[in-house]
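# Structural features, examined
Here's the letter readout for the chains.
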Amino acid sequence: MFASRFDSLPPSPFPRLRTLLEGIEPAATPIDLGIGEPKHAVPQFLRAALDDHFDEYNRYPPAQGTPELRQAIAGWAARRYGTGDMIDADRHVVPLCGSREGLFNIALVCIPETAGPPPAVLMPNPFYQCYGVGAAAAGAEPVFLPTPRGSGFLPDLDAIDDATLARTSLFYFCSPANPQGAVANLDDLMTLIERARHFGFTVLFDECYSEIYLNDPPPGALDAARELGGSLENIVIFNSLSKRSNLAGLRSGFCIGDAAIMSAYLKFRNLAAPQMPLPVQAAATLAWNDEAHVEENRNLYRVKIRLAEELLAGRYEFYAPEGGFFLWLDMSDHGGGQEAARTLWREAGLRVVPGDFLARDAADGGNDNAAFVRVALVHDEEITGEALQRMTKTLD
Ligand SMILES: Cc1ncc(COP(=O)(O)O)c(C=O)c1O
C-alpha cells in the first residue's frame, strides 16, 4: 500500500534522461552537461574546520544551528543586501541541510488544511522539481505559471488573476531562474511581496543561484523587503553553499524569513527534520564569512559564459544568462529538445537535459519548453569549450 498523492508527479529529469538515451552508444568521450553540479574546486580553507570539529560527530546538532552559523548567515545577508539590522539571527534565520529539504518541508508547515477546495501553490514552469513535491505532500493544488521569452523567462505577475491569488497559500519564485538564468528586477520583487501581503500568502524565494552572475549582483527578496520598509512578513528566502561555494555535497543552506513562520517551522524541524552535523556547521560558518572564494568562482563562470557567447552567438536563440550557470537553448531547428538531446549524445557524447523534462505538461499534453535543452556550464573552461565546439559541429 502506498500513498497516492505523489502518483501524478513525473520522475526526476535525470532518470528520464537515462531512459531517453538508453541503448545509444556515444561516438565521443562523454561530457555531462546535464546535472547542475558544480565541478570547480571545493574551497580548501574549509578542510581545517571540518578536521577541528571532527570529534563533534558524536553529538546531535541543534536544529536551529549554532549561534555562530546563524550570525554568519545573518551577517552575509546584511552585507549582500544592505539590510542593516533587519535580520535577527535568532528569530529570522534557520540553517538547512541544503535548500532542497527546506523548500520541500516548509510546505508542510505553511499550507493549511482546508475542508473546501485545496489551496493553490504557484510556481514557475519550468521549475525545480522539489516545489511540486512540496505542494503534493501538503495536499495543495500546484498552479504552473508559464515563463515564455516574452515575459523575460519569468512568471508574468500581472497575468495571475485575483481569484487565483486569493486562494494561494504559497508561491515558489526562483531568481536567478533555473533553467533560464533570468533575473527578476527589484520592482517585480516588491510587487510580488505586496501582493503576498495583500492576499495573505507566503512567497518562498529560491535564490540559490544569487552569487553566480554575469554583471551586477541580482536583486533579491531582501532588497525588496528593505525597500518596502524592512519587514520580513509573508516571505522566506532560501539560499545555499551548493552553487556559491561549490559545496553541493556538504548539504548546507539556510532560510531567512518571517519570524512567525520561522518559529512554526523550527518547531516542526525540532521534531522531524534533519540537522546539519556540527563539523559541517563550522565549515559553513567560515564559508559564509568569506567572499574571496566566491568572487573567484563567479569569475570562472563568467569566462565560460563569455566563451559560450563567442561559440554559440547566432545559434539556438542563444543569450547569455544574467544569473546561474545554465544555457537555455532553443532546438526548434534540430527536432526539439528530446531529439537534440539524443543527437548530441549519439554524435558528440554530450549529455543535456530536454526542456520538457524540467516542466509540467499542459492539460492538453503540450509543453512550451519542449523546444529547449538545458546545458550546465559546470566543467572547467577547457572541457566546456570542447563540449560547445562539439555541439556546433554536430548540429551545424
Ligand atoms: C533552483 C534550485 N533550487 C534549489 C536547489 C537545491 O540546492 P541545494 O539543496 O543543494 O541547496 C537546486 C539544486 O540544483 C536548484 O537548482
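This structure is a prediction, so every number in the text was calculated from the model and none was measured.

## Points about the site of the ligand
- Close to the ligand lie 14 residues, the nearest being D206, Y209, S240, S242 and R251.
- Separating an oxygen atom of the ligand from a side-chain N or O atom of N178 is a distance of 2.8 Å.
- Here an oxygen atom of the ligand and a side-chain polar atom of R251 are 2.7 Å apart.
- When the ligand is considered free in solution it has 400 Å² of accessible area, and contact with the protein chains removes 92% of it.
- Applying the majority rule of atoms within 2 Å of the grid points places the ligand in the largest pocket.

## Remarks on the side chain of R298
- Mapped onto the elements, R298 comes out in helix α12 (residues 292-312).
- Of the residues examined, R298 reaches a relative accessible area of 4% and is grouped as buried.
- In this structure the side chain of R298 is engaged in a polar contact, spanning 3.5 Å, whose partner is the side chain of Y213.

## Overview of empty space enclosed by the protein
- Within the structure shown, the criterion is met by four cavities of 30 Å³ or more.
- Here the lining of the largest cavity is built from residues that sort into nine nonpolar, three polar and no charged.

## Considerations on the domain arrangement of the protein chain
- In terms of domain boundaries, the protein chain breaks down into domain 1 (13-41 + 293-395) and domain 2 (45-289).
- On a C-alpha basis, the centroid separation for the pair domain 1 and domain 2 is 26 Å.
- At the junction of the two partners, domain 1 supplies 31 residues and domain 2 supplies 27 residues.
- Across the domain 1 to domain 2 interface the summed buried area is about 2,800 Å²; carbon plus sulfur atoms make up 54%.
- It is H293, E322 and R360 that lose the most area in domain 1 upon contact with domain 2, and together they represent 22% of the buried surface on that side.
- For the interface between domain 1 and domain 2, the tally reads one salt bridge.

Parameters and conventions
- Residues numbered from 1 in each chain as written.
- Predicted model: local features only at pLDDT ≥ 70, side-chain atom pairs only at ≥ 80, totals over all residues.
- Heavy atoms only, no water.
- Near = heavy atom within 4 Å.
- Polar contact = N/O pair within 3.5 Å; in protein donor to acceptor, adjacent residues only side chain to side chain.
- Areas by Shrake-Rupley, 256 points an atom, 1.4 Å probe, with all protein chains shown as cover.
- 1 Å grid on protein atoms, 1.4 Å probe; cavity = no way out; pocket = protein on both sides within 12 Å on 5 of 7 lines; lining within 4 Å.
- Sits in = over half its atoms within 2 Å of the grid points.
- Helix = DSSP H or I, 4+ residues; strand = E, 2+ residues; numbered from the N terminus.
- Buried < 20%, exposed > 50% of the residue type's maximum accessible area, 1.4 Å probe, protein only.
- Points joined across faces, edges and corners; volume = space filled by probe spheres on them.
- Nonpolar A, V, L, I, M, F, W, Y, C, P; charged D, E, K, R; others polar.
- Domains from an automatic or database assignment.
- Contact = heavy atoms within 4.5 Å.
- Buried area = accessible area lost by both parts, 1.4 Å probe.
- Salt bridge = Lys/Arg side-chain N within 4 Å of Asp/Glu carboxyl O.

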